[in-house]
Amino acid sequence: MSVPKSKDGAAPGVLDALRATPRPVRYLLGGVLLNQLGAFVQTFLVLYLTHRGYGVDRAGFLLGAYGVGAVAGTVLGGELTLRLGSRNTIIAAMGGSSVLVFVIPWLAEPGTYPVLLGLVVLLGLMTQAYRPAASALLSELMPDEFRVMGFSMLRIAMNIGAAAGPLLAAGLIQINWNLLFWFDGVTALVYALLAAALLPKPAKKASAQDPAEGAPAEKEKQSAYGGMARDYRFLFYLTSMLLSALVYAQFFSVLPIDLEDAGHSTALYSVVLTLSSALLISLELAVTARVSRWRASTAATVGTFVYCLGVAGFGLPGSVPALILLTAAVSVGGLMVSGPTLWAHPAKAEQKVRGRYIAASQAVFGLGSAIGPALGMLVWTRYGDGIWLACGVLGVLAAVTAYAGLRPSDETPEADEANEADEAAPEDPPAGTGAREDSAVAG
């Protein structure tokens, strides 16, 4: 399949993607950036609760409860996207999370622990429920040839918010700790209002089927999940996402402790984070423009391998700060190559199941991110720098399963069953140009 050309005959680039971005997508990306700018709960919840008199163990457990709710929220978001539409799901999720985060300061006393526990689970659920909807809407509105670059824009919007948010939080804390959650609630509420005013309304659904046919919605749901379970390519893809998340989690959990144990200052880890954010924000879209000319399987495999190889490099003996920063740059380079392609992959599913495929992808990655820190710390306490060798092994497996899951990326489970006897499967399209046909599924 040929790569779409820009006006001057060259492969589409960053400016082509920006010009081709529909106005609703720009509103969507602006809302994501605004919401991420005020997303303080997961970052500052433990510090806030210890400030309010909680012990570290209880505060950490509440953060874990928030993570459990967040993983479940992506699944809920997929279902709501299919039933309510992307716009309405974003409105409901952001509106609900704004109310919940507003009341945290009034329920943060140690005596209200059971109530706060339930609240943070619900908050994690609502906060993450918007993500499958945002991804599905982005896929629906963005031109096919720029879909991967659209997901790169989404990642950049989130990274800008994540980079600027802590700086804003530092100023708010100096005034009043409670302002963290009030500001978080305001940004979520504004996002909900912007979504209601600016995002396209869902198309009206066809009339209900004959009641004699039973419960069509429930049958369709069971069929969708059954099809997903039989979609072996998508299962390979989910495996790759899980393994990648386990490695990714070590960047934020084991790395700072390992650097300190090696005698490096805390400032070095801050520089690593700053360098990583700067590279992602400034270069990812340009890298994606190049990578979108590759096959999806190539981009996912090469990027995943390079990223995990970079993380494994933190275990090199006698690492000096310059080598650590170089290793971080290599790992971020791998992320920029594989990330947009991997996150865009489930959006190739047919519309009636797209939300569930996206939700499954994000839930699996969230699960790996949630359990990764505990597993990583367990390995580090027993084997020290052996954790980085383990990351290298997981990285190879993640790259292999990414290749198996995305090659060929335009084949569908239905097509596989219908064409098992075919001599050769058609080539998969470049990472940014996968055709979205009515019968396509993300496998």
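Per-chain numbering applies: the sequence of each chain, read as written, is numbered from 1 onward. With the structure being a predicted model, the display of local features is reserved for residues of pLDDT at least 70 and the display and counting of side-chain atom pairs for 80 or more, all residues being used for whole-chain, interface and lining totals. To obtain the side-chain values, all non-hydrogen atoms of the structure were used and water was disregarded.

Below, the discussion takes up the overall build of the protein chain. The number of helices and strands found in the protein chain is 17 helices and 0 strands. Three labels apply to residues, based on accessible area from a 1.4 Å probe with only protein chains included: buried if under 20% of the type maximum, exposed if over 50%, partly exposed otherwise in between. When burial is assessed residue by residue, the protein chain has 50% of its 443 residues classed as buried. Sequence separation of at least 24 residues holds for 84% of the intrachain contacts in the protein chain that already meet a minimum separation of 6. The Shrake-Rupley method, run with a 1.4 Å probe sphere, supplies the accessible areas, and residue values consider only the shown protein chains as cover. As displayed, the protein chain has an accessible area near 19,600 Å², and 65% of this comes from carbon and sulfur atoms. Comment: elements are numbered from the N terminus, with helices defined as DSSP H or I runs of at least four residues and strands as E runs of at least two. The contact criterion used is simple: two residues touch if any of their non-hydrogen atoms lie within 4.5 Å.

On to the packing of aromatic side chains. Any pair of Phe, Tyr and Trp rings, taking the six-membered ring for Trp, is counted once the centres come within 6.5 Å. Such a pair is stacked with planes under 30 degrees apart, edge-to-face with planes over 60 apart, and tilted for the rest. Throughout the structure, instances matching the rule amount to 13 aromatic pairs. An angle of 25° between the planes, with centres 6.0 Å apart, marks the rings of phenylalanine 40 and phenylalanine 183 as stacked. Here phenylalanine 40 is found in the loop between helix H2 (23-37) and helix H3 (41-51), whereas its partner phenylalanine 183 is found in helix H8 (residues 179-198), with 143 residues between them in sequence. Overall, phenylalanine 40 belongs to the buried group, its relative accessible area being 2%. Taking 6.1 Å as the distance between ring centres and 45° as the angle between the ring planes, the aromatic pair formed by tyrosine 48 and tryptophan 177 counts as tilted.

What follows covers the confidence of the model for the protein chain. One confidence number per residue, pLDDT, is output by the predictor and ranges from 0 to 100. Within the protein chain, residue pLDDT values average 80, and 84% of them lie at 70 or more. Ignoring residues within four places in sequence, the model shows residues 409-443, a span with pLDDT below 50, making 96 contacts including any to other chains.

Bringing the pattern of salt bridges into the picture now. A pair is scored as a salt bridge if a Lys or Arg side-chain nitrogen falls within 4 Å of a carboxyl oxygen belonging to Asp or Glu. Under the definition given, this model contains 5 salt bridges. With a closest N to O distance of 2.6 Å, glutamate 109 and arginine 52 form a salt bridge. Of this pair, glutamate 109 sits in the loop between helix H5 (86-102) and helix H6 (113-141) while arginine 52 is found in the loop between H3 and helix H4 (56-84), placing the two residues 57 residues apart along the sequence. Of the charged contacts in the structure, one is a salt bridge between arginine 147 and aspartate 144, with a shortest N-O distance of 3.4 Å. For arginine 147, a relative accessible area of 2% gives the class buried. Members of the salt-bridge network, linked through shared partners, are Glu79, Arg83 and Arg356.

Note on soluble globular proteins: their nonpolar side chains tend to be buried together. Membership of the largest hydrophobic core comes to 35 residues, with the highest contact counts inside it found for Leu28, Val32, Ile90, Met94, Tyr130, Leu138 and Tyr191. Examining the composition of this core, we find that 8 residues originate from one element, helix H7 (residues 147-175), more than from any other. Grouping buried Ala, Val, Leu, Ile, Met, Phe, Trp, Tyr and Cys residues that are joined through side-chain atoms within 4.5 Å yields what is termed a nonpolar core.

Turning our attention to the environment of leucine 285. With respect to the helices and strands, leucine 285 occurs in helix H12 (residues 266-291). Sequence-wise, leucine 285 and methionine 149 are 136 residues apart; in three dimensions their C-alpha atoms are separated by 6.6 Å. Contacts of leucine 285, omitting those with residues within four sequence positions, involve Val14, Leu18, Met149, Ser152, Met153 and Ile156.

With that settled, consider the side chain of threonine 288. Within the secondary structure, threonine 288 is located in helix H12. Within 3.5 Å is the distance limit for a polar contact, defined as a pair of N or O atoms, with the added protein rule that one can donate a hydrogen and the other accept it, and that residues adjacent in sequence qualify only through two side-chain atoms. Side-chain polar atoms of threonine 288 contact the side chain of serine 152, separated by 3.1 Å. In this structure threonine 288 touches Val148, Met149, Ser152, Met336 and Pro340, once residues within four positions along its chain are discounted.

This part takes up H2. Because an α-helix packs 3.6 residues into every turn, residues spaced three or four apart end up facing the same way. In a regular helix each residue adds 1.5 Å, so 15 residues correspond to 21 Å; H2 covers 21 Å between its end C-alpha atoms and thus fits that length. Lining the buried residues of H2 we find H5, H6, H7 and H8. The span expected for a helix works out to 1.5 Å for each residue beyond the first.

What follows is about the packing of H4 against H6. Structural elements are reduced to axes, namely lines fitted to C-alpha atoms, with helices fitted over the stretch in contact, and the angle between N-to-C directions of any two is expressed from 0 to 180 degrees. Packing of H4 against H6 leaves a shortest axis separation of 5 Å and a crossing angle of 35°. H4 and H6 meet at a crossing whose hand is right-handed. Three categories are distinguished: nonpolar for Ala, Val, Leu, Ile, Met, Phe, Trp, Tyr, Cys and Pro, charged for Asp, Glu, Lys and Arg, and polar for the others, with Gly belonging to the last. Partitioned by chemical class, the residues of the contact of H4 with H6 number 18 nonpolar, 9 polar and 1 charged. Whether a crossing is left-handed or right-handed is set by the direction in which the near helix is turned from the far one by less than a right angle, anticlockwise for left-handed and clockwise for right-handed.

Locating asparagine 35 in the fold gives a position in helix H2. Beyond its immediate stretch of four places on either side in the chain, asparagine 35 contacts Met94, Tyr130, Thr187, Ala188 and Tyr191.

A separate point is the environment of glycine 334. With respect to the helices, strands and loops of the structure, glycine 334 is situated in helix H14 (residues 321-344). Sequence spacing of glycine 334 and tyrosine 307 is 27 residues, and the spatial spacing of their C-alpha atoms is 4.0 Å. Every residue in contact with glycine 334, bar those within four places of it in the chain, is listed here: Gly303, Val306 and Tyr307.

Moving on, we get to H14. For H14, spanning 24 residues, the distance from its first C-alpha to its last is 34 Å, which sits close to the expected 34 Å at 1.5 Å a residue. Bend is computed residue by residue as the angle between axes fitted to the seven residues ending at the residue and the seven residues starting at it. Serine 338 marks the point of greatest bend in H14, at about 35°, and the proline proline 340 comes within the next four residues.

Nonpolar side chains (Val, Leu, Ile, Met, Phe, Trp, Tyr) are joined into patches within 5 Å and like charges within 9 Å, using only residues with over 30% relative accessible area and no salt bridge. A cluster of nonpolar side chains, Tyr27, Val186, Val190, Leu194 and Leu198, forms an exposed patch at the surface whose accessible area comes to about 350 Å². With 4 residues, H8 is the largest single contributor of residues to the nonpolar patch. Judged by its relative accessible area of 33%, tyrosine 27 falls in the partly exposed class.

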